[in-house]
Amino acid sequence: MMKKHLSMAMAFLLATVTLFGGLFVANRSASAATLSFGAAEDFYMDGGVKQEDGLLKVRQLKASGGSEVDSNTIVSYLRFNVTGVTGTVTAANLKLFVENSGDPAFRVYGATGSSLSPLPTGTLLYSETSPYPTYGYHTWATFDLSSLITGNGSYVVVIKGTNGVSDVHFHSSDSTTSTWRPTLEVTTSGTDTTPPGTVTGLSAGATTSSAVALSWTAPSDNIGVTGYEVVYRTDSTAITSGNWSSATLASPQPTGTPKPAGQTESFTVSNLSSNTTYRFSVRAKDAAGNLSTTAATNVTATTTGTNTAPSQITGFTKGAVTNTTVAFTWTAPTNPGLPTDHYEIRYRTDGNNVTDANWSSSTAASPQPSGTSTSFTVSNLTANTTYKFAIRAYDSDGLYSPASANQTATTTNTTPPPSGCTVNIANTVSQVFGGSGTNTSTKVYLNLSKNGGEVVCIDPGTRGKLEFKGIQGKAGSPVIIKNGAGTNGNGVVTINNNDAGYAIHVTSDDTTGDASKYFRLTGTGSTANYGFNIANHYLNAGVTGSALVIRGGSTNYEVDHIEVSSTKGTNPDHSGDSWAGFLLKSDPSCDMTYNYGNFTQYDTLLHDNYIHDTGAEGIYLGFNNYNGTMKDCDNDASHVAETRVYPHPLIGVRVYNNITENTGYDGIQIAGAVSDVEVYNNRIVNYGVRGTSSQNNGLQINSGTTGRFYNNLIQNNLSSSVNVGSAISNLGRGDEYFYNNILIRPGDDGIYSRDDRDNKNPADTYYDDSPIHFANNTIIYPGFDSGGVGDGIDFNNTALVGSTFRNNIVVLPTTGTHQGIHDGSNMLADSFNVVTTTISSLNFVNAAADNYHLTSSSTSAKDQGTNVSSLGITTDYDGNSRPYNSTYDIGAFEYRP
């Protein structure tokens, strides 16, 4: 999924929507005008429940025969208020920003009306037909509403799906990124040529050495004033409409919503020189870009004293990061003039650095640090969001320092669970049901409301296996299952179990049929790093299994701060080993319950877990053979597997901040994750310790999977006698991005990639031959234990067109047969890479200690790369912005002095 960034022009236009109350002019000519509007109201309905979570979602599943399944229908609603139309409407387009990609067909309905209550049905405007268009991740989707929008008024739009192929999520007006919100663009044949009236009552007030306060009376306009232009001169020439363009525009200009005609406007012109006489004038402007025909009467004022702006702040450094805060420290600036009066920290979430040029359009932190501070924690941020920060110092005259160097920080997605407990589960309890029933010493029935919000606390201490059945919350309000804090606040639930196929099991209720969904299993109920510890879960008396098992149609769940400390036995030949740390999937079957088309696993979040010393995989997510598996469905005497069944897809996957160590098989394995997938910031060390071929890779990406895989550290410290595989083995479906990964001593290839499309799911049309991109990876000594064979990247995806390999560092062993890149398909663009057998030539900080940061002497990598921001790559492994200077560096790290 390629993250595409808006052009500066588009970003400016959308910013103007926010500035002036939802209306701006994107384009004016002598014969046409285009007005743009933000949504006055929007949301989606999921199962009859109104949802407002920053997204607009659409899903329409089909039962056999083509009838709609109402309980699985998700519909989006939007309302727009159109004003300022003075001519004939010639075009109207709704633009929505795509958050997860897909290719459903849409049906769009429209109606006039000022309310979305009751929910409108509307008139069908159009319905997409096969071949259905594909809506790409982080791109704009445009819908023609010309048959609905006829002029000024209120309009509602209803969006449904029709083909049941996949979901699409758009950003709503609640999106934390303002430039991604829905926009209605209305083009008219007429032009507003009437300018606003002349500004009157212009006067100058208080002055400092760098600023002058102005005020004036707001004029009228035939449609409405949308802003003002303030200019000045320092000579004796009067400012008029005729010489307006030769005057200097004040910087910054006035912002905010203009006041009604006749009221007093005020604005302080800043960034002026001390002891200087200025002549000011003001003109009003409207949405069409018309300026007042006549400039306001001039007013003069003289700034005071002599002053010099503070120097640029140095040492602006990021500290602790939480889900809503980022801490900073800095060195107080040198102020040649007045002392620092206050500081201002601003930030952006659009991927652009905060600079002096865009300072006014960047978001100011609230609250702000005082003038005596050299440390401050920015609060009120959004979880799981990447921010760019900069700081300025201001003196009492309003002079300010240049914007500091930027700091990048990504807030965590770990929201603390609610305090207190709805119910406590004793150590004697082995089964917890979401439904109703009679409690016993081993069974507890929660009688959940299915509205979410309940907090289930597991008593700390050592206990046996624990099973959850039919645990249901709802979107935005999950059921929280956490460890109890204990009397000393650091309570840990330790599970010792070796007589069942699981230590913790989450599944459906076999009595009610309720699947588990909208829940969070978290070990953050105490001060311990991992509030759940599954220890010594290994084979006993012929029973084997995994430590944490989630299946039975479970969906929309989060698992975090869990430690799996062993699923290994004590036998050197591994005969007593159990299975994976996490096993998270619902297998396909002959009854089709959890097969493709009948079930989709949504929104799976796995983060901040520690899984080590396992008999098989660390994390096993999704069914391995997305292309289908054969089953004996007629159950005759021959028991021949004659029917191919297809597993369910996963949509919305986030796997991050996990640690796996000493895993018998793959560190992390993912399959069937078809859309909206990100795997990042994981640490995978010593994978495939059993040496089993095809089960011994660090990150294993199996069939059906797409997504972004970045900022992962995958490291092998085992003896070369162990048959360790590739750091990343990719058998996915294309449309994949691998970047900022550090891959150290893989036993085979750094990244192995090939097609795995035999017997692909015929109902899944996503296989569109989208390319794979490899950028800014650092790969050290591939082929460490494979008999002298192993490449940096071994690429064999013969069906894909347009794949690229850029800005990668590959350090090859000095013995054996290796290539930096082996392009078995002869289709890969290979450029701006460093391939060498001499690691010293790269002048890393400390290669002997596996520190592969660049130094000032890393001349073969520093400032030698190419711009890959079009792939959504604007930061490095540490989260620092790319590029630091004007050119990208090569490898996972961007050099910082």
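Now for a quick tour of the structure. These figures come from a predicted structure and were not determined experimentally. (Residues numbered from 1 in each chain as written. Predicted model: local features only at pLDDT ≥ 70, side-chain atom pairs only at ≥ 80, totals over all residues. Heavy atoms only, no water.)

Section: the overall build of the protein
Point 1. When helices and strands are tallied, the protein shows 1 helix and 67 strands.
Point 2. Here the protein holds 897 residues, and the buried ones make up 55% of them.
Point 3. When contacts within the protein are restricted to residue pairs at least 6 apart in sequence, long-range pairs at least 24 apart make up 75% of them.
Point 4. Total accessible area computed for the protein in this model is approximately 33,600 Å², and 48% of it derives from carbon and sulfur atoms. (Helix = DSSP H or I, 4+ residues; strand = E, 2+ residues; numbered from the N terminus. Buried < 20%, exposed > 50% of the residue type's maximum accessible area, 1.4 Å probe, protein only. Contact = heavy atoms within 4.5 Å. Areas by Shrake-Rupley, 256 points an atom, 1.4 Å probe, with all protein chains shown as cover.)

Examining the sheet that holds strand β18 (residues 264-269)
Point 1. Here we have 3 strands laid out as an open sheet, ordered β14-β15-β18, and antiparallel in their pairing. In this open sheet, the two edge strands, each paired with only one partner strand, are β14 (200-207) and β18. Taking each pair of neighbouring strands and ignoring which way they run, the sheet shows an average axis angle of 20°.
Point 2. In this sheet, strand β15 (residues 212-217) lies alongside β14 in antiparallel orientation, the contact comprising 4 bridges. (Pairing = 2+ DSSP bridges. Axes fitted to C-alpha atoms, helices over the stretch in contact; angles between N-to-C directions.)

A word on the pattern of salt bridges
Point 1. Applying the stated criterion across every chain, the model contains 16 salt bridges.
Point 2. Two residues, Arg392 and Asp356, come together in a salt bridge whose shortest N-O distance is 3.0 Å. One end of the pair, Arg392, is in strand β26 (residues 386-395); the other, Asp356, is in the loop between β23 (340-348) and β24 (363-364), and 36 residues separate them in sequence.
Point 3. Given a relative accessible area of 41%, Asp356 falls into the partly exposed group.
Point 4. Two residues, Asp514 and Lys450, come together in a salt bridge whose shortest N-O distance is 2.9 Å. Here Asp514, found in the loop between β36 (504-507) and β37 (517-522), pairs with Lys450, found in the loop between β30 (443-445) and β31 (455-458); they are 64 residues apart in sequence, far enough to count as distant. (Salt bridge = Lys/Arg side-chain N within 4 Å of Asp/Glu carboxyl O.)

Here we look at the nonpolar core
Point 1. Counting residues in each nonpolar core, the largest one holds 67 residues, and the members touching the most others are Ile458, Phe468, Val559, Phe582, Leu621 and Leu699.
Point 2. If we skip the residues at most four places from it in the chain, Phe582 touches Leu548, Val559, Ile562, Val564, Asn609, Ile611, Gly618, Ile619 and Tyr620.
Point 3. Counting 29 residues, the second largest nonpolar core, distinct from the first, contains Leu35, Leu96, Val98 and Leu184. (Core = buried A, V, L, I, M, F, W, Y, C linked by side-chain atoms within 4.5 Å.)

Considering the state of the cysteines
Point 1. Under the criterion given, the structure shown has 2 disulfides.
Point 2. Shown here is the disulfide that connects Cys421 with Cys457, its sulfur atoms set 2.0 Å apart. One quick way to see it: the torsion about the S-S bond of Cys421 and Cys457 is about -85°, and its sign makes the bridge left-handed. Of this pair, Cys421 sits in the loop between β27 (407-410) and β28 (423-425) while Cys457 sits in strand β31; the two residues are 36 residues apart in sequence, bridging distant segments of the chain.
Point 3. Its relative accessible area of 37% is what places Cys421 among the partly exposed residues. (Disulfide = S-S within 2.5 Å.)

Focus: the side chain of Gln715
Point 1. Residue placement: Gln715 occurs in strand β55 (residues 713-715).
Point 2. Judged by its relative accessible area of 11%, Gln715 is buried.
Point 3. Only 3.0 Å separates the side chain of Gln715 from the side chain of Asp850, close enough to count as a polar contact. (Polar contact = N/O pair within 3.5 Å; in protein donor to acceptor, adjacent residues only side chain to side chain.)

What to know about the side chain of Ser292
Point 1. If you trace the backbone, Ser292 turns up in the loop between β19 (277-286) and β20 (299-302).
Point 2. Ser292 gets classed as buried once you look at its relative accessible area, which sits at 0%.
Point 3. A distance of 2.9 Å separates the side chain of Ser292 from the backbone oxygen of Gly197, its partner in a polar contact.
Point 4. Every residue in contact with Ser292, bar those within four places of it in the chain, is listed here: Pro195, Pro196, Gly197, Thr198, Ser241, Arg283 and Ala284.

So, the packing of aromatic side chains
Point 1. Evaluated as defined, the whole model comprises 31 aromatic pairs.
Point 2. Seen in terms of ring centroids, Tyr710 and Tyr739 are 4.9 Å apart; in terms of plane orientation they differ by 0°. Their pairing is stacked. Remark: Tyr739 occurs in strand β57 (residues 736-739) and Tyr710 occurs in strand β54 (residues 707-710); sequence separation between them is 29 residues.
Point 3. Sitting above the plane of the Trp244 ring, Arg283 keeps its charged end 5.0 Å from the centroid. (Phe/Tyr/Trp six-rings, centres within 6.5 Å; stacked < 30°, edge-to-face > 60°. Lys NZ or Arg CZ within 6 Å of the ring centre and 35° of its normal.)

Some thoughts on the sheet that holds β20
Point 1. The strand order β17-β16-β19-β20 describes an open sheet built from 4 strands, whose pairing is antiparallel. The open sheet has two free edges, formed respectively by β17 (248-249) and β20, since each of these has just one partner strand.
Point 2. Two strands pair when backbone bridges link them, and β19 and β20 are joined in this way by 4 bridges, in the antiparallel orientation. From the neighbouring strand, Phe280 faces β20, where its bridge partner is Val299.

Some words on the pairing of strand β12 (residues 168-171)
Taken residue by residue, a regular strand's side chains alternate between the two faces of the sheet.
Point 1. Along β12, one buried face is formed by Val168 and Phe170 and the opposite face, lined by His169 and His171, is buried too.
Point 2. By the bridge criterion, 4 bridges tie strand β5 (residues 55-58) to β12 in an arrangement that is antiparallel. By the bridge assignment, Lys57 is partnered in β12 with His169.
Point 3. Sheet topology note: the strand β7 (residues 89-100)/β12 ladder contains 2 bridges and is antiparallel. In the strand pairing of β12, Asn100 is matched with His169.

Quick word on the pairing of strand β33 (residues 466-469)
Point 1. Along β33, one buried face is formed by Leu466 and Phe468 and the opposite face, lined by Glu467 and Lys469, is buried too.
Point 2. By the bridge criterion, 4 bridges tie β33 to β36 in an arrangement that is parallel. Along β36, the bridge assignment pairs Phe468 with Val506.

Concerning unusual backbone geometry
Point 1. Cis geometry marks the peptide bond from Ser251 to Pro252; its omega dihedral reads 5°.
Point 2. Tracing the chain through its elements places Pro252 in the loop between β17 and β18.
Point 3. Note that the residue after Ser366, namely Pro367, is joined by a cis bond; omega there is 0°.
Point 4. When you line up the elements, Pro367 lands in the loop between β24 and β25 (375-378).
Point 5. With a phi angle near 60°, Asn380 is a residue other than glycine that sits in the positive phi range.
Point 6. Looking at the secondary structure, you find Asn380 in the loop between β25 and β26.
Point 7. Under the relative-accessibility criterion, Asn380 is labelled exposed at 60%.
Point 8. Look at Tyr781: it is not a glycine, yet its phi comes out positive at around 55°.
Point 9. On the secondary structure map, Tyr781 appears in the loop between β61 (778-780) and β62 (793-796).
Point 10. By relative accessible area, Tyr781 is classed as partly exposed at 25%.

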